[in-house]
Amino acid sequence: MSDTPKSTASPVSADAIIFQPKPAKAPPSETVGPIHWMRENLFYSWLSTAITLIGLYFIYTTVTGLYHWGVADAVWEASSRRECLDQSPHGACWAGISAWYNSIIYGRYPDEEQWRINLAFGLLIFWMLPIWLEKVQARAWFGISAVLIFPFLAGYLFAGGARGWFMQFALLGAIATLICNWLHAVLCVLTGNGLPKTAVALLGMTNKPDRLHKYALATVVVVIFAIVYAFFGSWEPVQVKTNLWGGLFLTFVIAGIGITVSLPMGILLALARRSELPAVKVLAVSFIELVRSVPLITVLFMAVTMVPLFLPQGVELNKLVQAIVGVCLFFSAYMAETVRGGLQVVAVGQTEAAKSLGLGYWRTMYLVVLPQALKAMIPNIVSNFIALFKDTTLVSIIGLYDMLLMLKAIGRNSSWIGLHHEPLIFGAAIYFIICFAMSKYSQHLENVVGGGASNKR
């Protein structure tokens, strides 16, 4: 038996010194914090100090001047601009905004019917709310139905009047869809099973083949549609012509329809421009380049003044519809180029890999290429949406009373003549809030889709 070698290391004595690092000291106060930042960025030389002091002086005078004009010396209650000037000749006259607030928001829409506008926008929020509930299944359907079905409900609430068989079916179908959506959402939250599975269990078709389960859901939908028809089949609100629509309401209508239509239409145009079919590619390129080569105001004038000249005598088109069509076509061309840029970002190997798996063209685009392309183009897409929202002010040139034209109308009123600055400042604040909210949501969407911190700005 061999002897094992003994360790020559001596045991650590009780009196051995053990290294214990001391906690790090805080950095000197002059190298961190706001004072250091000011020294490094604002007061690092005599020239920067002078420029900083001059800038602070201008900021101080501007802020104090705006405060005295817009708050301290402002008039909040008055019946005319003359009364505002008598109370405070050097202050803002916000009383004119208060007196015209209803017109700024709703335009010339009848006061007694404005509840329909509020109801439509409330229903849109109510329609989309289940998307943010975690337990709800098939949440994509809520967004798709809001784009394809909800406009019929909102459009009839806005316009009212008699409806033909198509509008009757579309309106009642939209109300039935809203009810079915919320039944599905509530069942998902309470039981974990959506409306399709609940309908199958309710009609005792659990043991039936899966291909027959769709009939259970169809039966429930038909029953709900019949109930909706019984309650709303004869409902007919007063007709409000589109020439009375205006204000921020009209801005939202044009921008909402333009955003909803321009994105899918832009995707189709971008795919058509990359198509291998010569006729499809030539038509797409011709449309995109023709529309992008002219300003929006030209498109609007063409739609409103020139198009009726080519129609048969007696045929009249709705000016609002013509303007919306012009806006949709114009921004679809710009959106097509944005999407095409995203398509070029996706590597060719992605398409080749999809083809090797047996995916067809449309499934490759839907499942592989477009998700990556749209994800890469989120900032550009939202920038187009913001530009569309701001460019809706151009419809005022063709006689539509959007919010900008209503704001200008305040200064032309006999009681508020000369009141120009306050309405435009108020309108600028509204546009800034809405566009800033869209921009922040774009950044949030980038972080969510892109995986978090890597996309943060």
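Residues numbered from 1 in each chain as written. Predicted model: local features only at pLDDT ≥ 70, side-chain atom pairs only at ≥ 80, totals over all residues. Heavy atoms only, no water.

Draft legend 1. Inspection of the overall build of the protein at higher detail. Scanning the protein from terminus to terminus reveals 19 helices and 0 strands. Here the C-alpha atoms of the protein give a radius of gyration of 31 Å, more than 25% beyond the 23 Å that 2.2 N^0.38 yields for 457 residues. In terms of principal-axis extent, the alpha carbons of the protein reach across some 115 × 80 × 55 Å. Considering only contacts within the protein whose residues lie at least 6 apart along the sequence, 69% involve residues at least 24 apart. Of the roughly 28200 Å² that the protein leaves accessible, carbon and sulfur atoms contribute 67%. For the protein, the centre of its 31 positive side-chain charges and the centre of its 23 negative side-chain charges are spaced 9 Å apart. (Helix = DSSP H or I, 4+ residues; strand = E, 2+ residues; numbered from the N terminus. Rg over C-alpha atoms; globule rule 2.2 N^0.38 Å. Contact = heavy atoms within 4.5 Å. Areas by Shrake-Rupley, 256 points an atom, 1.4 Å probe, with all protein chains shown as cover. Lys, Arg positive; Asp, Glu negative; His and termini not counted. Charge placed at Lys NZ, Arg CZ, Asp CG, Glu CD.)

Draft legend 2. Representation of helix α8 (residues 165-191). Given a rise of 1.5 Å per residue, 27 residues ought to cover 39 Å, and the 38 Å separating the end C-alpha atoms of α8 matches this to within 8%. Looking one or two residues past α8, Gly-192 carries a phi angle of roughly 85°, positive in sign. (Expected span 1.5 Å × (residues − 1).)

Draft legend 3. Broad picture of the packing of aromatic side chains. What the rule picks out here adds up to 22 aromatic pairs. Where Trp-69 meets Trp-94, the ring centres are 5.9 Å apart and the plane angle is 70°; that geometry is what we call edge-to-face. Taken together, the residues span a long stretch of sequence, with Trp-69 in helix α2 (residues 46-72) and Trp-94 in the loop between α3 (81-87) and α4 (95-106) at a distance of 25 residues. The exposure class of Trp-69 is partly exposed, given its relative accessible area of 24%. (Phe/Tyr/Trp six-rings, centres within 6.5 Å; stacked < 30°, edge-to-face > 60°. Buried < 20%, exposed > 50% of the residue type's maximum accessible area, 1.4 Å probe, protein only.)

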